[in-house]
Amino acid sequence: MTVRLLLLVIAAVSAASCTRDATNAVATTADRPPSSLSTTSAAAPAASPAGLADELCSRTGSAPSGQVANDDLDEASGLVASRTHPGVLWSHNDGPDGRIFALDSDGDNLGVHSLPGVGIVDAEDIAIVSGVNGDDLLLADVGDNGLERSSIQVVRFAEPDPTLSEPIDEVEVLTYVYPDRPHNAETLLVDEANDRIVIVTKEQTEGTAAPAGLGPTEPAIVFEGALESAAGATTELTMVGTIDMPALERRTAASPTHPAGLFGAAGVPTGGDVHSDGSLIALRTYETVWVWEREAERTVADALAGRPCEVATILERQGEAVAFDGDGLVTVGEGVNQPLNQIGR
């Protein structure tokens, strides 16, 4: 979602490093209202043992590695690292633009690929998954600011050569519907081991004094659906849990607080990624990045019912994109020529 008023507010704030204290980062089940209790398993899992997530969150190194060179990538809303082409990142603009941008770790432009014939409504995230001949990219057309879409879609296509700016003609459009009502969402996660997609919604209280799109953070809803479907079929998503985003927002160690926090909206989920080996899950908000550890036998949705830790981040004007890259993470915010920020290093 592009919130112009939010950008005007944030433009007055200088980018600054944010330190994090992962201790007590999420509410215990006793702290949570009934509506925010996870339903992903019969018993809520214990806090993740000291391991990969805690090790990542303990690192405080964060610095820009470059700057997005392509002026056309001015609303970067999703980000994923190529597993086939080392050093290549894939991104896209928020909204109906429908182009896929390849850039290197310095932010230099490698190529731009269009999706002719695909009607994109509001692209919000991008992910990667194994395909028939190499990896496929998944473009999540799941945004719905007006809460009025009857269905959402994920566009799947073979990962192209990043240096060839050619249209992508062979695509598969996966259509999904929610079981209850329309939802706005900006996060797509892939549970590759179980052939599932996971969508984390962006829930906000509307009808308050806050400007449109800046309503206070509500618990995010976690939906799951099949990654494969018959041609032309529509798949109904299953609600599998919630994440208490307001509790995380209250416990963030972000300093300075993101200006969206003035309206209680800094804690909404705006993007996510799953590590290439499936062991870690990242979920970002406007002001921080949360990381969950995932044990091999657990689904991605189940892992999100656990206790996340917080990674030291760099404040961005409107941060919506995050990706695992090597042994750390990379983020980028919306706007022209924004920095690529390496975190957790």
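Calculation rules
Residues numbered from 1 in each chain as written. Predicted model: local features only at pLDDT ≥ 70, side-chain atom pairs only at ≥ 80, totals over all residues. Heavy atoms only, no water. Helix = DSSP H or I, 4+ residues; strand = E, 2+ residues; numbered from the N terminus. Buried < 20%, exposed > 50% of the residue type's maximum accessible area, 1.4 Å probe, protein only. Contact = heavy atoms within 4.5 Å. Areas by Shrake-Rupley, 256 points an atom, 1.4 Å probe, with all protein chains shown as cover. Polar contact = N/O pair within 3.5 Å; in protein donor to acceptor, adjacent residues only side chain to side chain. Disulfide = S-S within 2.5 Å. Pairing = 2+ DSSP bridges. Axes fitted to C-alpha atoms, helices over the stretch in contact; angles between N-to-C directions. Phe/Tyr/Trp six-rings, centres within 6.5 Å; stacked < 30°, edge-to-face > 60°. Core = buried A, V, L, I, M, F, W, Y, C linked by side-chain atoms within 4.5 Å. Salt bridge = Lys/Arg side-chain N within 4 Å of Asp/Glu carboxyl O.

Scanning the protein chain for helices and strands turns up 4 helices and 23 strands. Looking at the protein chain as a whole, 57% of its 345 residues qualify as buried. The long-range share in the protein chain, meaning contacts at least 24 apart out of those at least 6 apart in sequence, stands at 62%. Per element, the accessible surface of the protein chain, about 13,100 Å² overall, is 51% carbon and sulfur.

With that settled, consider the environment of K202. Turning to its location among the elements, K202 is positioned in the loop between β12 (196-201) and β13 (220-226). A distance of 3.1 Å separates the side chain of K202 from the side chain of Y286, its partner in a polar contact.

Right, let's talk about the state of the cysteines for a bit. According to the stated counting rule, one finds 1 disulfide in the structure shown. Note that C57 is cross-linked by a disulfide to C309, the S-S spacing being 2.1 Å. The disulfide joining C57 to C309 has a torsion of about 75 degrees about its S-S bond and is therefore right-handed. Here C57 is found in helix α2 (residues 52-57), whereas its partner C309 is found in strand β19 (residues 309-311), with 252 residues between them in sequence. A relative accessible area of 10% means that C57 is categorised as buried.

Before going further, it helps to examine the side chain of N341. Among the secondary structure elements, N341 is positioned in strand β23 (residues 339-343). Reaching out from N341, the side chain makes a polar contact with the side chain of E316 at a distance of 2.8 Å.

Quick look at the sheet that holds strand β16 (residues 271-274) now. Here we have 4 strands laid out as an open sheet, ordered β16-β17-β18-β19, and antiparallel in their pairing. The outermost strands of the open sheet, each flanked by one partner alone, are β16 and β19. Each strand axis lies, on average, 25 degrees off the axis of its neighbour in the sheet, ignoring direction. Note: β16 against strand β17 (residues 280-284), 4 bridges, orientation antiparallel. From the neighbouring strand, V274 faces β17, where its bridge partner is I281.

One open sheet holds the 5 strands; their spatial order is β7-β8-β9-β10-β14, and the pairing between them is mixed. On the outer flanks of this sheet lie β7 (123-131) and β14 (234-236), each paired with one strand and no other. Pairs of neighbouring strands in the sheet enclose a mean axial angle of 25 degrees, with direction left out of account. Here strand β8 (residues 134-141) pairs with strand β9 (residues 152-158) via 6 bridges, running antiparallel.

Among the structural elements, T235 can be located in strand β14. Leaving out residues up to four positions away in the same chain, T235 has contacts with T175, Y176, V177, A226 and S229.

Counted under the stated rule, the structure contains 1 aromatic pair. With a centroid separation of 4.8 Å and 65 degrees between ring planes, the pair formed by Y178 and F223 is classed as edge-to-face. Of this pair, Y178 sits in the loop between β10 (172-177) and β11 (185-191) while F223 sits in strand β13; the two residues are 45 residues apart in sequence, bridging distant segments of the chain. In this structure, Y178 and F223 share a single accessibility class: buried.

So, about the nonpolar core. Residues L138, L188, I197, I199 and L237 are the most contacted members of the largest nonpolar core, which totals 19 residues. Of all the elements in the fold, those that place two or more residues in this core are β7, β8, β9, β10, β11, β12 and β13. Sorting elements by how many residues they give to this core places β11 first, with 3 residues.

Inspection of the entire model under this criterion finds 14 salt bridges. Between E228 and R156 there is a salt bridge whose closest N-O contact spans 3.2 Å. Of this pair, E228 sits in the loop between β13 and β14 while R156 sits in strand β9, and the two are 72 residues apart along the sequence. A salt bridge links K202 to E186, with the shortest nitrogen-to-oxygen separation between them at 2.8 Å. Of this pair, K202 sits in the loop between β12 and β13 while E186 sits in strand β11, and the two are 16 residues apart along the sequence. Comparing K202 with E186, the two get one shared label, buried. Linked by salt bridges that have partners in common, D72, D97 and R99 make up one network.

Glancing now at the environment of S130. Within the secondary structure layout, S130 lies in strand β7. With residues near it in sequence (within four places) discarded, S130 still touches R83, D135, D136, R156 and E192. At 2.6 Å, the side chain of S130 and the side chain of E192 are in polar contact.

For the rest of this paragraph, the subject is the pairing of strand β4 (residues 88-93). Look at any regular strand and the pattern is simple: side chains alternate between the two faces of the sheet. Within β4, 6 of the 6 residues are buried, leaving the element largely enclosed by the surrounding structure. Residue alternation in β4 divides its side chains into two sets, V88, W90 and H92 and L89, S91 and N93, and both sets are buried. By the bridge criterion, 5 bridges tie strand β3 (residues 76-81) to β4 in an arrangement that is antiparallel. Bridge pairing in β4 places L79 opposite S91. The hairpin formed by β3 and β4 contains 6 residues between the paired strands, and G87 there has a positive phi angle of roughly 85 degrees.

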